[in-house]
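Chain by chain, the residues run as shown.
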Amino acid sequence: MSDVQRDKGRRVTVKDLARDLGMSVSTVSRAFYPDAVVASETRRLVLERAAALGYRPNPFAQSLITKKTQIVGMVVSDLTNPFYPEVMTEMTAMLQEAGMNVMLSAANQPEKIDDAVDLLLTYQPDLVIVLAANMASHAREKCEGAGAPCIFFNRLSADGLGFGVTCDNEAGGRRVADHLIDSGHRHLAYVSAFPGASTNVERGKGFCTRAVERGFAPPVVIEAGRFSYEAGYAAGLAAAKAERPLDGVFCANDIVAIGFIAGVQESGRFHVPDDISVVGFDNITMAGWPSHLLTTVAQPLDGMMAATVSLARELAVDRGQDPHILRLPPGELIERNTTRKREGGSQ
């Protein structure tokens, strides 16, 4: 039994492994790099012995040689929104399968995105994926200045530049307007969430523009202020007290819609969908729960995540790509129990 095996209270180093095998440190180090020049039998012996002793190469030490950390930084600011934990879980698994390590940096408020990015960049990630952003953020410039390409997922950079993978949110908003109008709704409203989020702006723009194109008055805009249940709930209470009648409401996302419905129902003045139809956006798992059964537009998540991981793999090898934004068509509008047809509808 070797000294390394006996001393179980200490982390095994590459020097320990080299001494145990009777090899030089440089030879042992090269064995962990598939492209390094080392005899196949030597590599086999090193890897087997490393596994037996519990040795793991230090990625930070390796980065001094390869100039790459194999770390993908992931920045998120909206963990209370079920959409993002669902995405993070799946995308992390996909990135790990692609041989990348994921480091999460969370901002407790959307306005703190830049601070989260600054913290993450101290670990020198190969690239950064931003899962939530506001239009005042300088995340792209910070990442590019540190030599780490930045991919925006489901949001866009403040200046609309850089790499981005998102749903065509305007098209999704237009689809909701058509659905409500075609099913007989005449008094429309948009519940706006965080004003500095590209998703919020684009969905509202598509919805309101399409309503006007169809010959209706511009929809009422109700400011919720956040992508949260509480913000939606407050907006629902306010909408129920408003003098102007509403019969078709599009909310910036599902969690806002679920809160909005609870606020409307709590008011006792109106009910969903008998008096007011409500549509969300995202199709989070919660939207399909029997307690909610929310009508919503599905995000093309599988395609968005696959495109993001593919781009991350490409950028890890070649950072010379021209920045571009990929917009995927929205998924289907899933009609559940929070909408109903009104008189005069064409459906």
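See above for the structure.
Residues numbered from 1 in each chain as written. Predicted model: local features only at pLDDT ≥ 70, side-chain atom pairs only at ≥ 80, totals over all residues. Heavy atoms only, no water.

## So, the overall build of the chain
Right, on to step 1. If you tally the helices and strands in the chain, you get 13 helices and 12 strands.
Right, on to step 2. Relative to the compact-globule value of 20 Å for 347 residues, the chain shows a C-alpha radius of gyration of 26 Å, a clear excess of over 25%.
Right, on to step 3. For the chain, the spread of C-alpha atoms along the principal axes amounts to about 85 × 40 × 35 Å.
Right, on to step 4. Residues classed as buried in the chain amount to 50% of the 347 residues present.
Right, on to step 5. Restricting to contacts in the chain with at least 6 residues of sequence separation, those with at least 24 account for 72%.
Right, on to step 6. Computing the positive centroid from 35 side-chain charges and the negative centroid from 41, the chain places the two 5 Å apart. (Helix = DSSP H or I, 4+ residues; strand = E, 2+ residues; numbered from the N terminus. Rg over C-alpha atoms; globule rule 2.2 N^0.38 Å. Buried < 20%, exposed > 50% of the residue type's maximum accessible area, 1.4 Å probe, protein only. Contact = heavy atoms within 4.5 Å. Lys, Arg positive; Asp, Glu negative; His and termini not counted. Charge placed at Lys NZ, Arg CZ, Asp CG, Glu CD.)

## A few points about the pattern of salt bridges
Right, on to step 1. Per the stated rule, a full pass over the model turns up 14 salt bridges.
Right, on to step 2. The partner of E48 in a salt bridge is R44, and the shortest N-O contact between them spans 2.9 Å. Of this pair, E48 and R44 both sit in helix α4 (residues 40–53), four residues apart, roughly one helical turn.
Right, on to step 3. Judged by its relative accessible area of 46%, E48 is partly exposed.
Right, on to step 4. For R44, a relative accessible area of 36% corresponds to the partly exposed category.
Right, on to step 5. Two residues, E144 and R140, come together in a salt bridge whose shortest N-O distance is 3.0 Å. Taken together, the residues E144 and R140, both in helix α8 (residues 139–145) and four residues apart, mark about one turn of the helix.
Right, on to step 6. According to the relative accessible area criterion, E144 is partly exposed, its value standing at 39%.
Right, on to step 7. Classification of R140 as buried rests on a relative accessible area of 11%.
Right, on to step 8. Among the ionic contacts, a cluster of salt bridges with common partners joins R174, D178, D182, R210, E213 and R214. (Salt bridge = Lys/Arg side-chain N within 4 Å of Asp/Glu carboxyl O.)

## Points about helix α7 (residues 113–121)
Right, on to step 1. Of the positions making up α7, those classed as buried are I113, D114, A116, V117, L120 and L121. One face of α7 carries all of its buried residues, which in axial projection span an arc of 160°.
Right, on to step 2. Considering only its buried residues, α7 is in contact with β1 (71–76), β2 (101–106), β3 (127–130) and α8. (Arc of directions from axis to C-beta.)

## Overview of the pairing of strand β10 (residues 295–298)
Two faces make up the sheet, and in a regular strand the side chains alternate between them.
Right, on to step 1. Residues T295 and V297 line one face of β10 and the alternating positions T296 and A298 line the opposite face, and both faces are buried.
Right, on to step 2. In terms of strand pairing, strand β9 (residues 277–282) meets β10 through four bridges, oriented parallel. Its bridge partner lying in β10, F281 is registered against V297.
Right, on to step 3. Relative to strand β12 (residues 333–334), β10 runs antiparallel, the two sharing two bridges. Bridging from a neighbouring strand, V297 pairs with L333 of β12. (Pairing = 2+ DSSP bridges.)

## Structural notes on helix α10 (residues 198–213)
Structural remark: α-helix, 3.6 residues per turn; residues separated by three or four positions point the same way.
Right, on to step 1. With 16 residues, α10 extends 22 Å from end C-alpha to end C-alpha; this agrees with the ideal 22 Å at 1.5 Å per step.
Right, on to step 2. Taken together, the buried residues of α10 touch α9 (169–182), β6 (188–192), β7 (220–223), β8 (248–251), β9 and β11 (325–328).
Right, on to step 3. Looking one or two residues past α10, G215 carries a phi angle of roughly 90°, positive in sign. (Expected span 1.5 Å × (residues − 1).)

## Details of the nonpolar core
Right, on to step 1. Membership of the largest hydrophobic core comes to 71 residues, with the highest contact counts inside it found for F153 and F260.
Right, on to step 2. Ranked by the residues each element gives to this core, the list is headed by helix α13 (residues 301–317), at eight residues.
Right, on to step 3. Apart from the residues within four sequence positions on either side, F153 is in contact with F83, V87, M91, I129, V130, L131, V165, L301, M304, M305 and T308. (Core = buried A, V, L, I, M, F, W, Y, C linked by side-chain atoms within 4.5 Å.)

## Let's talk about the environment of W289
Right, on to step 1. Turning to its location among the elements, W289 is positioned in the loop between β9 and β10.
Right, on to step 2. Assessed through its relative accessible area of 42%, W289 is described here as partly exposed.
Right, on to step 3. Residues W289 and D118 lie 171 residues apart in sequence; the distance between their C-alpha atoms is 38 Å.

## Observations regarding the packing of helix α2 (residues 14–21) against α4
Right, on to step 1. One can describe the packing of α2 onto α4 by two numbers: an axis separation of 11 Å at closest approach and a directional angle of 115°. By crossing handedness, the relation of α2 to α4 is classed as right-handed. Together, L17, D20 and L21 of α2 and L45, V46, R49, A50 and L53 of α4 make up the contact between the two elements.
Right, on to step 2. Along the lines of polarity and charge, the residues of the contact of α2 with α4 split into six nonpolar, no polar and two charged. (Axes fitted to C-alpha atoms, helices over the stretch in contact; angles between N-to-C directions. Left-handed = near helix turned anticlockwise from the far one by under 90°. Nonpolar A, V, L, I, M, F, W, Y, C, P; charged D, E, K, R; others polar.)

## Some points on the environment of A312
Right, on to step 1. The topology assignment puts A312 in helix α13.
Right, on to step 2. Look at A312 and you get buried, because its relative accessible area is 0%.
Right, on to step 3. Taking the C-alpha atoms as reference points, A312 and A98, separated by 214 residues in sequence, lie 9.4 Å from one another.
Right, on to step 4. Setting aside residues no more than four positions away along its own chain, A312 makes contact with L95, M100, L127 and I151.

## What about the packing of α9 against α10?
Right, on to step 1. Direction vectors running N to C along α9 and α10 enclose 40°, while the axes themselves pass 7 Å from each other. Classed by the angle they form, the pair α9 and α10 counts as oblique. As α9 packs across α10, the resulting crossing turns out to be right-handed. Contact with α9, carried on its side by N169, E170, G173, R174, V176, A177, D178, L180 and I181, involves T199, E202, R203, K205, G206, F207, T209, R210, A211 and E213 of α10 and no other residues of that element.
Right, on to step 2. A per-class count over the contact of α9 with α10 returns six nonpolar, five polar and eight charged. (Parallel < 35°, antiparallel > 145°, perpendicular 65-115°, else oblique.)

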